[in-house]
Amino acid sequence: MMTLWNRQILAIMRIDLAKTFFAKRGLWIYLLALSPAVPMLLHSLLDRHEGNSDFGQDVQIFAGIFQFFYLRIAIFFGCVGIFMNLFRGEMVDKSLHYYLLAPVRREVILVGKFLSGLVASVTIFCGSVLVQWCSLFCHHPASLLNSYMFTGPGASHLVSYLVAAACACVGYGSVFLAAGVLFRNPLIPAAVILLWESADGILPALLKKISVIYWLKSICPISIPSPKGNNSILNLLIFDVDPAPARVAILNLMLLAGFVVVWAAIRARRIEIGYGSE
Amino acid sequence: MDAIILDNVSKFYGEVLGVNKVTLSIPPGITSLVGPNGSGKTTLMNLIAGLLQPTRGGISVCGLSPSDPEHFFRTLGYATQYDGFPRGLTGWEFVRNYLRLFGFSPKDTERMAWESIDRVGLREASQRKIAGFSKGMRQRIKLAQAIAHRPKVLVLDEPLNGLDPLARAETIALFRELGNEGSHVLISSHILHEVDLISDQVIMMSQGYVVAEGQIRGVRDEISEQPMQVLIRCDKPDVLASQLFHHSQVVEAKVHADRGGLLVRTHHAESFYKLLNRIALDGVRIESVAPADDDAQSIYEYLIGSEESTK
Ligand SMILES: Nc1ncnc2c1ncn2[C@@H]1O[C@H](COP(=O)(O)OP(=O)(O)OP(=O)(O)O)[C@@H](O)[C@H]1O
Ligand SMILES: [Mg+2]
């Protein structure tokens, strides 16, 4: 049984990965993922030109862009694009029934599709973290980089960012996969989730824990120093008063994602084909 | 165990009726499902294949249910009416990719994919992208995809739509072959004469209801209280007509414009034929007598066409 499911999941991934990676309509996801690298590279070039290099400032810049833009905007919308399309995109193309007519359990289809989405999103978004890292830090002298990376906290920071990006794909991916299964028009649930995740800063402690961003922020290696004027909206978005330990955060995020995927798998049994009457 | 069984099945799309109170037991062989647009053919097929769940009633295919997909979909193949394909694939990739889900070895998968593509005559074309296929080619590659795993039950929604006469003849021959191999082949169409010759039985639908079912002749008998038409070629049609009118079985007799024949409507075919034999002895030379509507087309027009025209 397991070997059949493994083969089927592999077959699904071969079908869906090609679609996710090479689809023309997915081009914007690559652009979105790489978009932070552009200002970082410019900043780098500018610094080199002017001959000033404040390493500490660059570390802060990376942390800020990562938490404020990359996690909340880039990966969020990238996952909307990738994971919601796993089911909705096939509804639009009128090709979902080929899966539903194969001797594959709906749960297996769902897991196969989820894994395809994960491979694609993790590759794209973790890859982009590396590109951004290089763009921002490349202009510093090699000796400084070396000591930051290998004797300082650099390597562990980088790993934390990669883990956070991957966890973001797992968390948001599961949520948008489920939304794609449950809703005819997934843009409305996407907007609701966006609001929920942005309101994270003002949610009470318990509710916070059922948002994805709360756990992601806890994985990030450095917290952004809060600017003056503690009640600014920006503050609410970035700053967190009570982060969880990274390990706990990863574990909780996996549990959250697992719960959402199982729920979606149960609901997937009820999917009916109605592309609109022909 | 060998049949497709629907037990009082209804499907509503919200308020809209898809099919209503359908009870059928479809034996192996070629069965055609006929009805005008919107009569519920696709709905019924989607229900049989588990793409829709019935609002009420139960369905089983050879004793299996779609809730057990790992067995059910090895038995059933379904080429839908939807003209949709996954993006960016060639015909061959399309058939092979979905065949992989069955868990055959890679070698068997390749072989079976080629075999089914050969059966629909698309070997060369299958190397090109489906996006560039004609309607007829898309119909045939869908058929190849549906038969690739050699299902015992084959459900085909308007499979002849968009095929040119040659492809149509080839495809019909393929259905015959599949039917002779002992499979169930369920074919839908709204043009009856294209399927009535190859069908072992017909199911006629109108506005969500099954209105007639059985062998074509049986279907005719089912409505035997309705007049039947007989076409008679003879040398003196007006004489014959006047003689026939004396008999109560004859409802109507129309002389052909070429004055070489007569179209008679009668209530009771058997006694009418006996009557005709007697009259023929009285000097009218009858060349041929044939039921004008013993093919499904006329039954269909009769059952569904007339309803349509009174709407
Ligand atoms: N997804 C849907 N949502 C709402 N109503 C639907 C849907 N699909 C079909 N219907 C309705 O159900 C009825 C039966 O439609 P169905 O598609 O089964 O007919 P059909 O016989 O296949 O027609 P055609 O010859 O046009 O393919 C129609 O009234 C149709 O409008
Ligand atoms: Mg139809």
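Remember, it's a predicted structure, so these values are computed and weren't measured experimentally.

Student: Can you explain the overall build of chain B? Please cite residues and give values.
Tutor: Within chain B one finds 10 helices and 13 strands. Among the 311 residues that make up chain B, the fraction classed as buried is 53%. Counted over contacts in chain B with a minimum sequence separation of 6, partners at least 24 positions apart contribute 67%. Of the roughly 14000 Å² that chain B leaves accessible, carbon and sulfur atoms contribute 51%.

Student: Explain the site of ligand 1 to me, using residue names and the numbers behind them.
Tutor: Neighbouring residues of ligand 1: 16 residues in total, closest Gly38(B), Lys41(B), Thr42(B), Thr43(B) and Gln81(B). Positioned at a junction of chains, ligand 1 has nearby residues supplied by chains A and B. Residue Asn37(B) places a side-chain N or O atom 2.9 Å away from an oxygen atom belonging to ligand 1. One of the backbone N or O atoms of Ser39(B) is found 3.2 Å from an oxygen atom in ligand 1. In isolation ligand 1 offers 630 Å² of accessible surface; the protein chains occlude 77% of this area. Looking at the shell around ligand 1, the elements that each hand over two or more residues are β2 (16–26) and α1 (41–48) of chain B. In terms of residue class, the shell around ligand 1 is built from 4 nonpolar, 9 polar and 3 charged.

Student: Explain the pattern of salt bridges to me, and be specific about the residues and the numbers.
Tutor: Scanning the model with the defined rule gives 21 salt bridges over all chains in all. Between Arg265(B) and Glu252(B) there is a salt bridge; the shortest N-O distance is 3.1 Å. Placement of Arg265(B) in strand β12 (residues 261–266) and of Glu252(B) in strand β11 (residues 250–255) is noted, with a sequence separation of 13 residues between them. When salt bridges that share partners are traced, they join Asp16(A), Lys19(A), Glu90(A) and Lys113(A) into one network.

Student: An account of the confidence of the model for chain B is needed here, citing residue identities and associated values.
Tutor: All names here are of chain B. When pLDDT is averaged along chain B, the result is 85; 86% of the residues meet or exceed 70. This stretch, residues 305–311, has a pLDDT under 50; its non-local contacts, to residues over four places away or in other chains, come to 7 contacts. For this predicted complex, the interface score ipTM comes out at 0.84, alongside a pTM of 0.82.

Student: So, the packing of helix α3 (residues 91–99) of chain B against helix α5 (residues 135–147) of chain B: which residues are in play, and what are the values?
Tutor: All names here are of chain B. Look at α3 against α5: their axes get within 9 Å of each other, and the N-to-C directions meet at 25 degrees. Considering the angle they form, α3 stands roughly parallel to α5. Where α3 crosses over α5, the handedness of that crossing is right-handed. Taking contact as the criterion, the partners of Gly91, Phe94, Val95 and Tyr98 in α3 are, on α5, Ile141, Lys142, Ala144 and Gln145. For the contact of α3 with α5, a count of residues per class yields 5 nonpolar, 2 polar and 1 charged.

Student: An account of the coordination of the magnesium ion (ligand 2) is requested, with residue identities and associated values reported.
Tutor: Around the magnesium ion (ligand 2), the protein contributes the donor atoms Thr42(B) (OG1) and Gln81(B) (OE1), which lie 1.8 to 2.2 Å from the metal centre. Linking Thr42(B) in helix α1 with Gln81(B) in the loop between β5 (76–79) and α3, this pair joins segments that are 39 residues apart in sequence.

Reading the values: rules and limits
Residues numbered from 1 in each chain as written. Chains lettered and ligands numbered in written order. Predicted model: local features only at pLDDT ≥ 70, side-chain atom pairs only at ≥ 80, totals over all residues. Heavy atoms only, no water. Helix = DSSP H or I, 4+ residues; strand = E, 2+ residues; numbered from the N terminus. Buried < 20%, exposed > 50% of the residue type's maximum accessible area, 1.4 Å probe, protein only. Contact = heavy atoms within 4.5 Å. Areas by Shrake-Rupley, 256 points an atom, 1.4 Å probe, with all protein chains shown as cover. Near = heavy atom within 4 Å. Polar contact = N/O pair within 3.5 Å; in protein donor to acceptor, adjacent residues only side chain to side chain. Nonpolar A, V, L, I, M, F, W, Y, C, P; charged D, E, K, R; others polar. Salt bridge = Lys/Arg side-chain N within 4 Å of Asp/Glu carboxyl O. pLDDT = per-residue confidence, 0-100. Axes fitted to C-alpha atoms, helices over the stretch in contact; angles between N-to-C directions. Parallel < 35°, antiparallel > 145°, perpendicular 65-115°, else oblique. Left-handed = near helix turned anticlockwise from the far one by under 90°. Donors = N, O, S within 2.8 Å, 3.2 Å for Na, K, Ca; no water.

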